Amino acid sequence: RALAPFVLDGSGSPLETTMCLLEFLPAELGGEGWEIPDLNRVVPLTERGRTVLEGDHLVADQLWADRNCLLEINGQEYHEGREAFARTSARRAALEAMGYVVREINYDQAADLDKLDTILTSWAEALSLRHQPRDRTFVQRRAQLHTALFSIPGIHGNPAIRRPGW
């Protein structure tokens, strides 16, 4: 509840919301403090993009249009199965053909703090985003935030807490 005021409008799933908090909250709260991109923004496909992916547009989870880069948060509910995998691969290829820098993360990577930290570090470097120094205080705040976000019952596949009589 304490983080509710920081939730950004436009997030498309609980995992996207969780990633936004980890990326965009100020460092004092355990976030990276990155500049906020457009969320779930329509990206028109150019002729090059349409050679790889059918349709006239796609929707980017996080888009920094001025940097020509975007991040995709691949939640299991949308990206599960062979057909979804093929669609996700085609999306990335279309975006790259159009000149975008594309980075992706899935639930298993986001839920593991060591993996997440490595991925966020590489994203900051690749996308020229400010990277929080990993001093002791920040590492502790990040760990607390991560634990809190990934332990919420009923979200991210965690079983909801059930009490007798509910």
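This text follows the structure it describes.
Below or above, wherever it landed, is the structure these notes cover. Everything numeric in this text was worked out from a predicted model, so none of it was measured.

Once that is clear, we can look at the sheet that holds strand β2 (residues 57-64). Consider a sheet: its strands pair through backbone hydrogen bonds, and that pairing is either parallel or antiparallel. Strand order across the open sheet formed by 4 strands is β1-β2-β3-β4, with mixed pairing between neighbours. Strand pairing shows two members of the sheet lacking a second neighbour, β1 (38-44) and β4 (101-106), which therefore form its edges. Within this sheet the neighbouring strands show an average axis-to-axis angle of 45 degrees, counted without direction.

Here we come to the packing of helix α1 (residues 14-24) against helix α7 (residues 136-150). Viewed as axis vectors pointing N to C, α1 and α7 meet at an angle of 165 degrees, and their least axial separation amounts to 11 Å. With respect to each other, α1 and α7 are oriented roughly antiparallel. As for how α1 packs across α7, the hand of that crossing is right-handed. Residues Leu15, Thr18, Leu21 and Leu22 of α1 lie in contact with α7, whose contacting residues are Arg142, Leu145, His146, Leu149 and Phe150. Of the residues that constitute the contact of α1 with α7, the class distribution is 6 nonpolar, 2 polar and 1 charged.

Another point: the packing of α1 against helix α6 (residues 113-126). It is at 12 Å that the axes of α1 and α6 come closest, and there the two elements cross at 65 degrees. For the pair α1 and α6, the sense of crossing is right-handed. Here α1 contributes Met19, Leu22 and Glu23 to the contact with α6, which in turn contributes Leu116, Leu120 and Trp123.

Of all the 8 residues making up β2, 6 are buried; the element is thus mostly covered by neighbouring parts of the structure. The pairing of β1 with β2 spans 6 bridges and is antiparallel. Its bridge partner lying in β2, Val42 is registered against Val59. For β2 and strand β3 (residues 69-74), the ladder comprises 3 bridges, and the chain directions are antiparallel. Pairing of Leu63 across the sheet is with Leu70, part of β3. Between β2 and the antiparallel strand that follows it, β3, lie 4 residues; Asn68 among them carries a positive phi value of about 55 degrees.

With that out of the way, let us pick up α6. Counted at 1.5 Å a residue, the expected span for α6 with its 14 residues is 20 Å, and the 20 Å between its end C-alpha atoms agrees. What α6 keeps buried is the set Leu116, Ile119, Leu120, Trp123 and Ala124. Buried residues of α6, seen end-on, are gathered within an arc of 135 degrees and therefore sit on one face of the element. Turned more than 90 degrees off the buried face of α6, the exposed positions are Asp114, Thr118 and Glu125. At its buried positions, α6 is contacted by α1, β3, β4, α5 (107-111) and α7.

Turning our attention to the environment of Arg141. Take Arg141: it is sitting in helix α7. Along the backbone, Arg141 and Leu29 are 112 residues apart, and their C-alpha atoms lie at a distance of 6.2 Å. Residues contacting Arg141, with those up to four places away along its chain left out, are Ala27, Glu28, Leu29 and Gly30.

Turning next to the packing of aromatic side chains. A complete count under the given rule lists 3 aromatic pairs for this structure. Aromatic side chains Phe24 and Trp64 sit 6.4 Å apart centroid to centroid with 65 degrees between the ring planes, which places their arrangement in the edge-to-face category. Here Phe24 is found in helix α1, whereas its partner Trp64 is found in strand β2, with 40 residues between them in sequence. Each member of the pair, Phe24 as well as Trp64, is classed as buried.

Calculation criteria
Residues numbered from 1 in each chain as written. Predicted model: local features only at pLDDT ≥ 70, side-chain atom pairs only at ≥ 80, totals over all residues. Heavy atoms only, no water. Pairing = 2+ DSSP bridges. Helix = DSSP H or I, 4+ residues; strand = E, 2+ residues; numbered from the N terminus. Axes fitted to C-alpha atoms, helices over the stretch in contact; angles between N-to-C directions. Parallel < 35°, antiparallel > 145°, perpendicular 65-115°, else oblique. Left-handed = near helix turned anticlockwise from the far one by under 90°. Contact = heavy atoms within 4.5 Å. Nonpolar A, V, L, I, M, F, W, Y, C, P; charged D, E, K, R; others polar. Buried < 20%, exposed > 50% of the residue type's maximum accessible area, 1.4 Å probe, protein only. Expected span 1.5 Å × (residues − 1). Arc of directions from axis to C-beta. Phe/Tyr/Trp six-rings, centres within 6.5 Å; stacked < 30°, edge-to-face > 60°.

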